[in-house]
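A look at the structure
One-letter residues, chain by chain:
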Amino acid sequence: MQWRSIVVGLVVLRISLGCVLWLAFGLGPNVSWGFNFPLSFSLRKLDLLFRDENTSNKAGNSWSQRIKSHGHKYEAMPRSCTRVGEESLRRSYLSLFDGDKDEYVRRYSSFPDALRSEMKAMAKEMFYFGYDNYMKYAFPEDELNPIDCQGRGPDVQNPSNININDVLGNYSLTLVDTLDTLLVLGNVTEFHKAVKLVIDTVSFDKDSTVQVFEANIRILGSLISSHILLTDPKHPFGKVDFEDYDNELLHLAHDLAVRLLPAFENTSTGIPYPRVNLKTGVPADSINETCTAGAGSLLVEFGILSRLIGDSTFEWVARRAVRALWSLRNNETGLLGNVVNIQTGQWVDKQSGLGAGMDSFYEYLLKSYILFGENEDYGMFQAAYESIQNHMRRGRESCNEGEGDPPLYVNVNMFSGEVMNTWIDSLQAFFPGLQVLNGDIDNAICLHAFYYAIWKRFGALPERFNWQLQAPDVPFYPLRPELVESTYLLYQATKNPFYLHVGMDILQSLEKNAKVRCGYATLHHVVDKSKEDRMESFFLSETCKYLYLLFDEDNPLHKSDNKYIFTTEGHVVPTDRRFREKQWSDLLPCEEVLTEGAPNRRPPPNNISNCNRFPEERRHALPLKSVYMRQIDHMVGLF
């Protein structure tokens, strides 16, 4: 019994000492409950110790310290950056993260050509391991179950299983979604074979109820992209057309779009229903609620289709939905909510953020402008971006200078700007890539570094990460591409070898943690790396594509005289002059959309790139100073 008393005594002593240190200095030990999830006992609190009481800003730049109650209006708090002079006897809390400054430089400042070639080959092999096994074990079904080596289609036994049925429509989803990836990898022969298979076997005359958003970005977007690449007279991938092609992919795209149109009927706002049955239209029991991204991310694909076939209907309904959502934003904050009632126009979910339910709405405002040159789209995007910066952004003013916590975008109430929770989700990792397209490279660098730090900790991105508890709130990872996409775009903008290292880390983590017998499996839990038997189509369509492009410096996309953008599903679309021309006049007045709440500035040319504007002197230094990298690593629980 004596040894038990000693153990209990030591435990009590450690807890007591930790509490004393925490209360006095914020230096208490990281307490965890089984998964190394520290309970926010953070060195950040030392910031308060090293500031002069007469000059310290009680609000500070620390979003971690400010989340004490959800009843605070955070946007009203100043963002002053405390400057500490060399003569000052008081230390900045950032000095705690100085450590070995050369550690990050040694690791990230160069990337040999031989290693780049190795990673390119590894990314290619990853794609074909998934694709070949899909074709062998799953086609013509929608997805591959990579553990059991079987195909998966809609869950006909359980129509309410929207996690499956929203996406799988019994139309060979993975094959269709992957078409242009084959071209990106240079495999024209397999591309031709896959196109002919789609033409011969895919039909949308199915009794399948699917989500309009998913069918649009995965199926319609891929069909349009592949048709354009097949018929592009400049042939960026070489000679990829074949003699007997008669616009069949475009006809399929048109057929699918027509079957999606009933979603836009019988709604008093013009915002579409979330789901349609491909045979019968909107189901009788359909709900009247949809998310902002689901209803507002149709314009790129619908707009291109309209301009290809000369029929304004598709662009008109998609643009009407965007305008309807835009009209519902809050007058004070300029923010939109997450879920809206399509009949009443009332917000059901008042959370405003950058992740699930909202992400691609912002993305398509900018990409629609780049494609179509409509000033209306750019005006909405700029107004939305300013509201995001004013109300969601927390942390120090500058990414690479000053004191306080690093910039982070949090979920807020659309009406007040108050923080609603302390998690961010993995879909938000797309936003640095969008910031690159908008020319805001510094903010992109900082937010990307935060998500990369989470990846380094878990070898994956949890669906939700609680930045206050430094722990996953929702721990699964379905092989999402958003972090890879932002990594690729940041590399194109900066040519900094740091991002090649990020891509290598992601690639190696996927090989280690997700590879199974017949493909790559969803991680059920990012901590214990348990798996689910599912490989979503976007893994081949996006994740593998962006990884390959990251390491393939000589890819035709990078060498072509044409400029391209990627849809939200990663499909390649050229910024073609013909998409800026339309054969009809506007059928919906838009002057009020252009002026109300939009910044009064001239839009930039929509056919230029921001990717060559990064200063040359910063292309061979770390994109983020070592002290800030260490700070972010600490904030996600890496040390």
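Residues numbered from 1 in each chain as written. Predicted model: local features only at pLDDT ≥ 70, side-chain atom pairs only at ≥ 80, totals over all residues. Heavy atoms only, no water.

So, about the state of the cysteines. Scanning all chains against the criterion turns up two disulfides. Through a disulfide, Cys-149 is tied to Cys-518; the S-S separation comes to 1.8 Å. The S-S bond linking Cys-149 to Cys-518 shows a torsion near 85 degrees; that makes this disulfide right-handed. A residue pair is termed long-range when its members are at least 10 positions apart, and Cys-149 in the loop between β1 (143-145) and β2 (150-152) and Cys-518 in the loop between β15 (515-516) and β16 (519-520) qualify at 369 residues. On the basis of relative accessibility, which here comes to 9%, the residue Cys-149 falls in the buried class. Look at Cys-518 and you get buried, because its relative accessible area is 3%. Between the sulfur atoms of Cys-399 and its disulfide mate Cys-446 the distance is 2.3 Å. The disulfide joining Cys-399 to Cys-446 has a torsion of about 95 degrees about its S-S bond and is therefore right-handed. On the criterion of sequence distance, the pair formed by Cys-399 in the loop between β9 (393-394) and β10 (408-409) and Cys-446 in helix α17 (residues 441-458) is long-range, its members being 47 residues apart. You'll find Cys-399 and Cys-446 in the same group, each marked buried. Once the disulfide-bonded cysteines of the protein chain are ranked by sequence position, their pairing pattern turns out to be 1-4, 2-3. (Disulfide = S-S within 2.5 Å. Helix = DSSP H or I, 4+ residues; strand = E, 2+ residues; numbered from the N terminus. Buried < 20%, exposed > 50% of the residue type's maximum accessible area, 1.4 Å probe, protein only.)

Here the focus is unusual backbone geometry. Of the consecutive residues Phe-139 and Pro-140, the connecting peptide bond is found in the cis state with omega at 10 degrees. Mapped onto the elements, Pro-140 comes out in the loop between α4 (113-137) and β1. Positioned with a positive phi, Ser-172 is a non-glycine residue whose angle comes to about 50 degrees. The residue Ser-172 is located in the loop between α5 (162-165) and α6 (173-177) in this model. Phi at Asn-266 takes a positive value of approximately 60 degrees, unusual for a residue other than glycine. As for its placement among the helices and strands, Asn-266 is situated in the loop between α10 (248-260) and β4 (275-277).

A few words now on the sheet that holds strand β13 (residues 464-466). Here we have three strands laid out as an open sheet, ordered β12-β13-β14, and antiparallel in their pairing. Only two strands of the sheet have a single partner each, and these edge strands are β12 (423-425) and β14 (471-474). Direction aside, the axes of adjacent strands within the sheet are offset by 35 degrees on average. With three bridges connecting them, β13 and β14 associate as antiparallel partners. Each residue of the ladder has a partner; that of Asn-466, found in β14, is Ala-471. This element, α17, spans β12, β13 and β14 of the sheet and lies at about 90 degrees to β12. (Pairing = 2+ DSSP bridges. Axes fitted to C-alpha atoms, helices over the stretch in contact; angles between N-to-C directions. Contact = heavy atoms within 4.5 Å.)

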